[in-house]
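Spelled out from the first residue to the last, the chains are:
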Amino acid sequence: MTSDHTEPARHTPPGRARDHWCSVRQDLNRRRSALTARAARAFPAHLRVAGTPLLARPGWIPDRPVPLERVRLVWTGDSPTAPVDGHSAALDPIRPLRDDGTPYATYAEAVRELARPRLFENRACYRLLGVSGGGPPTLTFGRGHYFDVIDICEAAAHEFAAAAPPEGEQPPDRARTPFRALIGDPTDLARRPVLAAIATLVLRHGPGRPPAHRDAEFVLHWRDPAKVATGGGLYQVTPVGMFQPSHDAPWNEANDFDLWRAVVRELSEELLGTDEDYGSDTAPIDYDGWPFHRALGEARASGAARAHWLGLGVDPLTFVTDLLTVLVLDAEVFDELFRELAATNDEGRLVGVEDGTGRSLGIPFRADHTERLTTTHPMQPAGAALLALAWQHRDALLD
């Protein structure tokens with residue numbers, strides 16, 4: 001059922017209003033790629049990263065890859081109140097009604113009851129409060145919760161989808177998207193709670209696979225809209241995960257406040273299909289004692305694994321924010337650690353190419369694949385930007 005792109009009046013029977021809300025939600029997932037391109041047109045070209053829809057402020061994207069260990073994290077504890085939250089009256093038109101005629105309190109509450117994906121838990125996250133690009137990149141964080149992403153980012157995308165009919169390419173008039181107008185500049189970290197994900201492009205570097213740029217390849221991921229609450233129906237680099245503690249138990253807040261540790265957990269979960277339960281509800285993760293983490297750390301120390309920071313950016317449709325990282329693994333290390341890639345995981349499925357024998361391989365890191373994926377493929381903006389930036393910096397990353 002396709003949305004008619006007009007919000008029902010508040011006197012509409014609650015059941016009909018909920019049906020309309022669900023149809024817009026489904027339409028959003030069907031048209032995410034086209035809607036993202038359309039939303040990007042509302043922003044000046046100089047804010048877009050490497051010609052992709054991803055938006056970034058000056059200083060957010062470094063001139064060259066930065067070794068991940070040089071990125072400095074600062075913790076402030078409790079976060080300040082933001083002018084825009086997920087309870088704004090501007091959201092009233094996209095909050096469906098319960099049977100008693102009262103609206104759902106938040107967009108997340110409506111998603112939970114009307115369109116709940118497989119993964120949907122309001123866990124603690126590290127909230128991004130500031131970015132400094134002068135000298136070593138410095139990121140400042142406080143406390144936040146995942147549902148801020150749903151209540152603000154997905155709500156803003158829903159509003160956009162409801163106001164943007166299938167015909168036409170320009171974004172709808174701001175008068176039809178009052179919540180987005182209230183947010184204003186989506187790169188203003190003080191304007192709203194910003195919970196960042198870490199998107200990592202993993203490059204297998206070395207011989208033994210089809211020719212590519214210096215024999216490098218990567219694995220792509222398709223995000224299943226039935227499993228995820230954001231980015232459903234789009235392709236993305238993998239792994240990607242919210243920057244958050246492994247569990248809400250208080251001892252994890254400091255122990256997991258580390259970009260590398262977060263990337264390693266996501267590598268294990270998304271590429272190997274391991275469980276997200278680390279037992280950290282009873283004790284902090286012993287990263288030094290975890291064989292997978294230890295093996296990757298040894299590879300970094302020897303130079304067989306190189307992790308780099310490429311900056312951060314904001315999706316123009318959802319306003320989701322991603323921290324952009326690249327992990328280059330020598331072929332023998334990749335093959336040893338990821339001997340059996342998980343074809344599917346809790347968020348979707350891995351995507352590769354066929355080698356002519358029916359065997360699925362990673363995608364060659366090559367100009368034609370990079371061009372296709374960043375311009376014509378339905379990719380999340382962060383993934384497209386990561387690929388484009390990595391290709392620009394291929395010599396530095398693969399030397």
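Quick notes on the rules
Residues numbered from 1 in each chain as written. Predicted model: local features only at pLDDT ≥ 70, side-chain atom pairs only at ≥ 80, totals over all residues. Heavy atoms only, no water. Helix = DSSP H or I, 4+ residues; strand = E, 2+ residues; numbered from the N terminus. Rg over C-alpha atoms; globule rule 2.2 N^0.38 Å. Buried < 20%, exposed > 50% of the residue type's maximum accessible area, 1.4 Å probe, protein only. Pairing = 2+ DSSP bridges. Axes fitted to C-alpha atoms, helices over the stretch in contact; angles between N-to-C directions. Parallel < 35°, antiparallel > 145°, perpendicular 65-115°, else oblique. Contact = heavy atoms within 4.5 Å. Nonpolar A, V, L, I, M, F, W, Y, C, P; charged D, E, K, R; others polar. Salt bridge = Lys/Arg side-chain N within 4 Å of Asp/Glu carboxyl O. 1 Å grid on protein atoms, 1.4 Å probe; cavity = no way out; pocket = protein on both sides within 12 Å on 5 of 7 lines; lining within 4 Å. Points joined across faces, edges and corners; volume = space filled by probe spheres on them. pLDDT = per-residue confidence, 0-100.

Moving on: the overall build of the chain. Within the chain, the regular secondary structure consists of twelve helices and 16 strands. For 399 residues, the compact-globule estimate of 2.2 N^0.38 gives 21 Å, and the chain sits close to it at 21 Å. With the C-alpha coordinates of the chain rotated into their principal frame, the extents come out at 65 × 45 × 40 Å. Buried residues in the chain amount to 56% of all 399 residues.

The subject of this paragraph is the sheet that holds strand β2 (residues 72-75). Ordered by their spatial adjacency, three strands build an open sheet running β2-β4-β3, and the pairing between neighbours is mixed. Every other strand in the sheet has two partners, leaving β2 and β3 (124-132) as the edge strands with one partner each. This sheet shows a mean twist of 35° between the axes of neighbouring strands, independent of strand direction. Here β3 pairs with strand β4 (residues 138-145) via eight bridges, running antiparallel. Across the sheet, the residue bridging to Ser132 is Thr138, located in β4.

Further remarks concern the packing of helix α3 (residues 107-114) against helix α4 (residues 147-163). The geometry of α3 relative to α4 is characterised by a closest axis approach of 8 Å and an angle of 85° between their N-to-C directions. As the angle between them shows, α3 and α4 are arranged roughly perpendicular. Here Tyr107, Ala108, Val111 and Arg112 of α3 lie close against α4, whose contacting residues are Phe147, Ile150, Asp151, Glu154, Ala155 and His158. When its residues are assigned to classes, the contact of α3 with α4 shows six nonpolar, one polar and three charged.

Tallying each qualifying case throughout the model produces 21 salt bridges. For Glu336, the salt bridge goes to Arg339, with nearest N and O atoms at 2.7 Å. Beyond isolated ion pairs, a larger network of salt bridges with shared partners links Arg98, Glu109, Arg112 and Glu113.

Turning next to the sheet that holds strand β13 (residues 348-351). A sheet is described by the order of its strands in space; here four strands give the open sequence β8-β7-β13-β12, paired in antiparallel fashion. Looking at which strands have only one partner, the edges of the open sheet turn out to be β8 (235-237) and β12 (344-345). The sheet contact formed by strand β7 (residues 220-223) and β8 spans three bridges and is antiparallel. Bridged to Trp222 within β8 is Tyr235.

The next point concerns unusual backbone geometry. Residue Pro239 is reached from Thr238 by a cis peptide bond, and omega for that bond is 10°. By the secondary structure assignment, Pro239 is in the loop between β8 and β9 (240-242). At Ala50, a residue that is not glycine, the phi angle is positive and equals roughly 55°. Within the secondary structure, Ala50 is located in the loop between α2 (32-40) and β1 (66-67). Classification of Ala50 as partly exposed rests on a relative accessible area of 33%. In the Ramachandran plot, Phe319 falls in the positive-phi region, its phi being about 65° despite a non-glycine side chain. Relative to the helices and strands, Phe319 resides in the loop between β10 (305-314) and β11 (321-330).

The subject of this paragraph is the layout of surface pockets. The volume enclosed by the largest pocket comes to roughly 1000 Å³. If you go around the largest pocket, you meet 47 residues; those closest to its centre are Leu119, Arg123, Gln244, Glu276 and Glu347. Counting only elements with at least two residues in the lining of the largest pocket, the list comes to α2, α4, β9 and α7 (259-272). No other element matches α7, which puts four residues into the lining of the largest pocket. When grouped by side-chain class, the residues that make up the lining of the largest pocket number 13 nonpolar, 15 polar and 19 charged.

Turning our eyes to something else, we now look at the confidence of the model for the chain. Residues of the chain with pLDDT of at least 70 account for 92%, and the chain-wide mean is 89. Mean pLDDT per element in the chain: strand β14 (residues 353-354) is the minimum at 52, and β10 is the maximum at 98. Low pLDDT, under 50, characterises residues 208-213; the stretch is placed with 18 contacts to residues that sit more than four places away or in other chains. Counted against residues more than four places away or in other chains, residues 354-360, with its pLDDT under 50, gives six contacts.

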